[in-house]
Amino acid sequence: MKLYGVSDGPPSLAVRMALKALDIPFELVNVDYCAGEHLTEKYAEINPQKEIPVLDDDGFYLSESIAILQYLCDKYRPDSQLYPKDPKARAIVNHRLNFNSAFYYSSISMYVMAPIFFDYQRTPIGLKKLNMSLEAFETYMKRSGTKYAAADYLTIADFPLVTATLCLEAINFSLDEYTLVKAWYANFKKEYPDLWAIGEGGMKEIAEFEKNPPDLSRMVHPIHPMRKN
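For clarity, every value in this text was computed on a predicted model and none was experimentally measured. (Residues numbered from 1 in each chain as written. Predicted model: local features only at pLDDT ≥ 70, side-chain atom pairs only at ≥ 80, totals over all residues. Heavy atoms only, no water.)

Structural notes on the packing of aromatic side chains
Consideration 1: According to the stated counting rule, one finds 13 aromatic pairs in the structure shown.
Consideration 2: Taking the centre distance of 6.0 Å and the plane angle of 55° together, the rings of Phe99 and Phe137 count as tilted. Of the two residues, Phe99 sits in helix H4 (residues 87-117) while Phe137 sits in helix H5 (residues 124-144), which places them 38 residues apart along the sequence. For the pair Phe99 and Phe137, one class covers both residues: buried.
Consideration 3: Plain terms: the ring middles of Tyr185 and Trp196 are 5.8 Å apart, the flat faces sit at 85° to each other, and that makes the pair edge-to-face. Residue Tyr185 is located in helix H7 (residues 179-191), and its partner Trp196 is located in helix H8 (residues 193-211); the two are separated by 11 residues in the primary sequence.
Consideration 4: What makes Tyr185 buried here is its relative accessible area of 6%.
Consideration 5: On the basis of relative accessible area, Trp196 is assigned to the buried category, the value being 8%.
Consideration 6: Aromatic ring contacts, followed pair by pair, group Phe99, Phe103, Tyr104, Phe137, Tyr140, Trp184, Tyr185 and Trp196 into a single cluster.
Consideration 7: Sitting over the ring of Tyr83, Arg90 keeps its end group 3.6 Å from the ring centre. (Phe/Tyr/Trp six-rings, centres within 6.5 Å; stacked < 30°, edge-to-face > 60°. Helix = DSSP H or I, 4+ residues; strand = E, 2+ residues; numbered from the N terminus. Buried < 20%, exposed > 50% of the residue type's maximum accessible area, 1.4 Å probe, protein only. Lys NZ or Arg CZ within 6 Å of the ring centre and 35° of its normal.)

A closer look at the nonpolar core
Consideration 1: With 68 residues, the main nonpolar core has Tyr104, Phe159 and Trp184 as its most contacted residues.
Consideration 2: For this core, the elements supplying multiple residues, two or more each, are helix H1 (10-21), helix H3 (65-76), H4, H5, helix H6 (158-170), H7 and H8.
Consideration 3: When residues in this core are grouped by element, the largest group, 11 residues, is from H4.
Consideration 4: With near-sequence residues (within four places) excluded, Phe159 lies in contact with Ala14, Met17, Ala18, Ala21, Leu82, Leu154, Phe188 and Leu195.
Consideration 5: By size, the runner-up hydrophobic cluster in this structure holds seven residues, among which are Val31, Tyr43, Ile46 and Val54. (Core = buried A, V, L, I, M, F, W, Y, C linked by side-chain atoms within 4.5 Å. Contact = heavy atoms within 4.5 Å.)

A short note on the environment of Pro84
Consideration 1: Relative to the elements of secondary structure, Pro84 occurs in the loop between H3 and H4.
Consideration 2: Residue Pro84 is classed as buried on the basis of its relative accessible area, which comes to 8%.
Consideration 3: The spatial distance from the C-alpha of Pro84 to the C-alpha of Thr155 is 8.0 Å, given a sequence separation of 71 residues.
Consideration 4: In this view, Pro84 contacts Ala89, Arg90, Val93 and Tyr153; residues no more than four positions away in its chain are not counted.

Structural data, given as structure tokens:
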């Protein structure tokens, strides 16, 4: 099994956390993001979306980190509570996964990551969207009353939410206003230090890029405006 990933990419980090938690051996193939390796036609053969990560399970290629997380549990650890079988419990996990992808990480990515890597600015509207997503997450935590994002135990829903939140830590964004989110994040780091070590490495890279933006002069992106050197 191979995982094509990038060392500071939250979706890649989430899948790596799951692989470790599920004790599944794999080979990590680092994709050279700064060189635009993911935008090449060769890479498009394994992922036509030209996005990262991609799982190669003996020739079965699967992109989209949520799909990868679900697949790993269903195929290799079907009895793991990381992805519960009970329909309602699984529905909550699936909700949190989709909430992160469609709402939470998307707002974080545009506010934190896009200005680091491309020619975007952090704006009041971007900050408002970010706070709206944090408010929603805080509300879900309050309503569920659970220790983790989807249950009183760790699930695959926590991995992408943690790796999204670490982007905020990388730019020293305060979570003080969101006490339940802050407590959940701190608890994950405390109780799962081996998994957090994966995320921490990416967080430190993002923090360094925040101070010294990466050189993307070798990349020609079809959508995002490139920063002029």
